[in-house]
Amino acid sequence: MSLEQNNTHRILLKISGEALGGEAGFGIDPATLKKTAEEIRAVQQSGVQVALVIGGGNIFRGAALQKAGLDRVAGDQMGMLATVMNGLAMRDEILRQGGSCELMSACGIPQITIQYAANLGRQILNQGSVLIVAGGTGSPFFTTDTAAVLRAVELNCDEVFKGTKVDGVYSSDPVKDPTAIRYSRLTFKEVIAQELQVMDLTAFALAREHSMPIRVFSMQKPGALLRAATGSDEGTLVSD
């Protein structure tokens, strides 16, 4: 049964690898992993279909090594493997909590993950399982933001949810500027005109081209993901 046939809401959640690192921002913090999985499980139990893309910055960041001479392609490949490690941890935690979950990867690791294929991914989502998609796009030079939008388009998702440390898109950095204004809604044109940071340019251009809405919200706010996924006006919605 396709998404169009059953009218089930389907989202793709993008979170950074650092979000799993807890206060340290590095490695995988067990308490943070557990809490994040609980938030995702709540959405799954509500009947909303959830695909998930996690970055790898909590395990590997190649910028410093690349400055020291590491090949960019090798560095990006190491980053892709880091996302697989995060995906394994999240899959295990969701399963431990009694949820159903599958891990796919653009990087072929048959003993550990399922090779990513959009049609199979849609089938997994229709069965009610959380689908974690690791390995980025499978190619170097693309961020996990771009991978998230690409997978959202391929999997016929309704929205991309970007979980961050702040509760939406602001007119300026709210940490540095106490007068910063939070927007509840923005158009793609307004984001470009005001040079607001939502996603990297490649990801944003892809979302705009395919009219894929992006919702920016705080993953650190308890229940925010569930509220946003079930229709609450949480965070900032960027759309046409």
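Located above this text is the structure these notes cover.
A short tour of the structure in this document, coming up. Along each chain, residue indices are assigned from 1 in the same order as the chain's sequence is written. Thresholds applied to this predicted model are a pLDDT of at least 70 for local features of residues and 80 or more for the giving and counting of side-chain atom pairs; totals over whole chains, interfaces and linings are not thresholded and use all residues. As a rule here, side-chain values cover all heavy atoms of the structure and leave hydrogens and water aside.

**As for the pairing of strand S1 (residues 10-15)**
Stage number 1. Type-normalised accessible area, obtained with a 1.4 Å probe on protein chains alone, sets the label of each residue: buried when under 20%, exposed when over 50%, and partly exposed for intermediate values. Numbering of helices and strands runs from the N terminus, with a helix taken as a DSSP run of H or I at least four residues long and a strand as a DSSP run of E at least two residues long. Counting buried residues along S1, six of its six residues qualify, which places the element largely inside the surrounding structure.
Stage number 2. Here S1 shows two buried faces, one formed by Arg10, Leu12 and Lys14 and the other by Ile11, Leu13 and Ile15.
Stage number 3. A pair of strands counts as paired when DSSP detects no fewer than two bridges linking them. Across six bridges, the pairing between S1 and strand S2 (residues 49-54) is parallel. Its bridge partner being in S2, isoleucine 11 is matched across the sheet by valine 50.

**With respect to the packing of helix H2 (residues 30-46) against helix H4 (residues 72-96)**
Stage number 1. Interaxial distance between H2 and H4 falls to 9 Å at its minimum, and their mutual angle equals 65 degrees. You can see that H2 and H4 cross each other, and the crossing is right-handed. Each of Leu33, Lys34, Thr36, Ala37, Ile40 and Arg41 in H2 lies in contact with H4, whose residues at this interface are Ala89, Met90, Glu93, Ile94 and Arg96.
Stage number 2. Residues of the contact of H2 with H4, tallied by class, amount to six nonpolar, one polar and four charged. For every element, the axis is a line fit to its C-alpha atoms; helices are fit only across the contacting stretch, and the angle between N-to-C directions ranges from 0 to 180 degrees. Each helix crossing is assigned a hand: it is left-handed if the near helix lies turned anticlockwise from the far helix by less than a right angle, otherwise right-handed if that turn is clockwise. Contacts between residues were defined by any pair of non-hydrogen atoms, one from each residue, lying within 4.5 Å. Only Asp, Glu, Lys and Arg are considered charged, only Ala, Val, Leu, Ile, Met, Phe, Trp, Tyr, Cys and Pro nonpolar, and every remaining residue, Gly among them, polar.

**A few points about the sheet that holds strand S9 (residues 185-187)**
Each strand in a sheet pairs with its neighbour through backbone hydrogen bonds, running either in the same direction (parallel) or in the opposite one (antiparallel).
Stage number 1. Strand order in the open sheet formed by nine strands is S4-S3-S5-S2-S1-S6-S10-S11-S9, with mixed pairing between adjacent strands. A single partner strand is all that each edge strand has here, and the edge strands are strand S4 (114-115) and S9.
Stage number 2. As paired strands, S2 and strand S5 (residues 130-134) are joined by two bridges and run parallel to one another. Residue pairing across strands places alanine 51 opposite leucine 131, the latter belonging to S5.
Stage number 3. Across the sheet, H2 touches S1, S2 and S5, and the angle it forms with S2 is around 155 degrees.

**Considerations on H2**
Stage number 1. Multiply 1.5 Å by the residue count of a helix minus one, and that product is the helix's expected span. Relative to the 24 Å expected for 17 residues at 1.5 Å per residue, H2 spans 24 Å between its end C-alpha atoms, a close match to the ideal helical length.
Stage number 2. Among the residues of H2, Thr32, Leu33, Thr36, Ala37, Glu39, Ile40, Arg41, Val43 and Gln44 are the ones counted as buried.
Stage number 3. Following H2 by one or two positions, glycine 47 has its phi on the positive side, about 100 degrees.

**Examining the pattern of salt bridges**
Stage number 1. Any carboxyl oxygen of Asp or Glu within 4 Å of a side-chain nitrogen of Lys or Arg constitutes a salt bridge here. Counting across every chain of the model gives twelve salt bridges.
Stage number 2. Lysine 221 is the salt-bridge partner of glutamate 234, the closest N and O atoms lying 3.0 Å from each other. Here glutamate 234 is found in the loop between helix H9 (224-229) and strand S11 (236-239), whereas its partner lysine 221 is found in the loop between strand S10 (214-218) and H9, with 13 residues between them in sequence.
Stage number 3. The partly exposed category is assigned to lysine 221, whose relative accessible area is 35%.
Stage number 4. Salt bridges here are not isolated pairs; linked through shared partners, they connect Lys14, Asp145 and Lys162.

**Considerations on the packing of helix H6 (residues 144-154) against helix H8 (residues 201-209)**
Stage number 1. H8 packs onto H6 with a crossing angle of 15 degrees between their chain directions and a minimal axis gap of 7 Å. Between H6 and H8, the interaxial angle falls into the category roughly parallel. Where H6 crosses over H8, the two elements pack in a sense that is left-handed. Taken together, the residues of H8 that come into contact with H6 (itself represented by Asp145, Thr146, Val149 and Leu150) are Thr202, Ala203, Leu206 and Ala207.
Stage number 2. Here the contact of H6 with H8 is composed, by residue class, of five nonpolar, two polar and one charged. Angle categories: roughly parallel below 35 degrees, roughly antiparallel above 145, roughly perpendicular from 65 to 115, and oblique for all the rest.

From the geometry alone we can't say anything about function, so treat these as descriptive.
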